[in-house]
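Listed below are the residues making up each chain.
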Amino acid sequence: MSKEIISVKNVSFTYRDSKKKVLNNISFTVNKGEWVSIVGHNGSGKSTLTKLLNGLLIADDPKNSAIYIDQLLMSENNVWKIRDKIGIVFQNPDNQFVGATVEDDVAFGLENRNVTRSQMLKIVPEVLKEVDMLPYKKTEPQNLSGGQKQRVAIAGILVVNPEIIILDEATSMLDPEGRNEILSIIRQLQKEKDITVLSITHNIEEINKSDRVLVLNRGNLLKIGTPDEIFAEKTLIEEAGLELPFVYQLKEELKRRGLQIPGSIKTEEELVDYLC
Ligand code: ADP
């Protein structure tokens, strides 16, 4: 049976300086190794939700709500243990660097963690290799491209062996090539290390390739389901501010012309193969 890595029960949240609830009684679970896209219009509460998951924010009514990360209940006692399990990659790579070189920057994540110098010298090149950045270890981060910067940011997270990676619009400032590179690295990590991925994204192709999609609208969880389940509901697509992926548009057009395409076909390549 798959293991539950995230469990959110009846969570609401209000920022102290405003009276408006920005998350309203949210409940869902995520299994280890899943890729869940978090979608919704700006201001729907996506970032707030991820901040609750790593304890940067605390839910409104802790007595009647709960967040479990890898079986640990979010609480003052557990918050540091929980943060060790979650790595976050943000939108703007330039705001994330602390080291003068790529290897210094990645090593920074290991400081204050009782890691010896010789262990550090072993771990840092290993993770740089995983993101294909070993040749750049002596480079100053500001001299890298946007995609390379995000790969270094991922390496900085991998040094502490996270269970969960949160992508907070991490590819939105990249060109398509950089975006695909980052997504394929994360996909590899998901497969090889069984890392769970939560990705706040507006990228329709990424959403289509996720295991499940969580739709937020004005602080309410409208639905969490497979891309097929989400894209089957027209009103949900509108409420989430999404457009139908190209392959689904094609399938709809073919259906109008009397050709029923199996639900298992999810990419343009699969559709072309099926039709040929
Ligand atoms: P999203 O990530 O979906 O764009 P956010 O979680 O950033 O949404 O924001 C949800 C709501 O909370 C918005 O109405 C936003 O204006 C409000 N908000 C976000 N951060 C703060 C804050 N620090 N103080 C007060 N309100 C905030």
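About the cut-offs
Residues numbered from 1 in each chain as written. Predicted model: local features only at pLDDT ≥ 70, side-chain atom pairs only at ≥ 80, totals over all residues. Heavy atoms only, no water. Domains from an automatic or database assignment. Contact = heavy atoms within 4.5 Å. Buried area = accessible area lost by both parts, 1.4 Å probe. Salt bridge = Lys/Arg side-chain N within 4 Å of Asp/Glu carboxyl O. Polar contact = N/O pair within 3.5 Å; in protein donor to acceptor, adjacent residues only side chain to side chain. Helix = DSSP H or I, 4+ residues; strand = E, 2+ residues; numbered from the N terminus. Pairing = 2+ DSSP bridges. Axes fitted to C-alpha atoms, helices over the stretch in contact; angles between N-to-C directions. Parallel < 35°, antiparallel > 145°, perpendicular 65-115°, else oblique. Left-handed = near helix turned anticlockwise from the far one by under 90°. Nonpolar A, V, L, I, M, F, W, Y, C, P; charged D, E, K, R; others polar. 1 Å grid on protein atoms, 1.4 Å probe; cavity = no way out; pocket = protein on both sides within 12 Å on 5 of 7 lines; lining within 4 Å. Points joined across faces, edges and corners; volume = space filled by probe spheres on them.

1. Some points on the domain arrangement of the protein chain
Where interface size is quoted, it is often the accessible area lost as the parts come together. For the protein chain, the domain assignment lists domain 1 (4–244) and domain 2 (245–276). Counting residues at the interface gives nine residues for domain 1 and nine residues for domain 2. When the buried surface of domain 1 facing domain 2 is broken down by residue, N208, D228 and L244 rank first, second and third, together holding 67% of it. Put simply, domain 1 and domain 2 have one salt bridge between them. Put simply, E252 and K234 hold a salt bridge, and the shortest N to O gap is 3.4 Å. Where domain 1 packs against domain 2, one counts three residue pairs in polar contact (both at pLDDT 80 or more). Of all the secondary structure elements, the ones that give two or more residues to the side of domain 1 that touches domain 2 are helix 7 (204–209) and helix 8 (227–231).

2. With respect to the sheet that holds strand 7 (residues 164–168)
A sheet is described by the order of its strands in space; here six strands give the open sequence 6-7-8-3-9-10, paired in mixed fashion. Of all strands in the sheet, those bounded by a partner on one side alone are strand 6 (86–89) and strand 10 (220–225). Ignoring strand direction, the axes of neighbouring strands in this sheet form an average angle of 15 degrees. Pairing between strand 3 (residues 35–39) and strand 9 (residues 212–217): four bridges, direction parallel. When the sheet's bridge partners are listed, V36 is paired in strand 9 with R212. Against the sheet, helix 5 (residues 146–158) touches strand 6 and strand 7, its axis set at about 170 degrees to strand 6.

3. Remarks on the packing of helix 5 against helix 6 (residues 176–193)
Across the interface, helix 5 lies against helix 6 with an axial gap of 10 Å and an inter-helix angle of 20 degrees. By the angle between their directions, the pair helix 5 and helix 6 is classed as roughly parallel. For helix 5 against helix 6, the interelement crossing comes out right-handed. Touching G147, Q150, R151, I154 and L158 of helix 5 are E181, I182, I185, I186 and L189, all from helix 6. Within the contact of helix 5 with helix 6, the residues separate by chemical class into six nonpolar, two polar and two charged.

4. Remarks on the layout of surface pockets
What the largest pocket holds in volume is close to 770 Å³. As for the largest pocket, its lining consists of 24 residues, and the residues nearest its centre are I86, G87, I88, G156 and I157. Where the lining of the largest pocket is concerned, the elements lending two or more residues are helix 2 (79–85), strand 6, helix 3 (102–108) and helix 5. The biggest single contributor to the lining of the largest pocket is helix 5, with four residues. Here the lining of the largest pocket is built from residues that sort into 15 nonpolar, five polar and four charged. For the second largest pocket, the calculated volume is near 330 Å³. Along the walls of the second largest pocket sit 14 residues, with A232, Y248, K251, E252 and K255 positioned nearest its centre.

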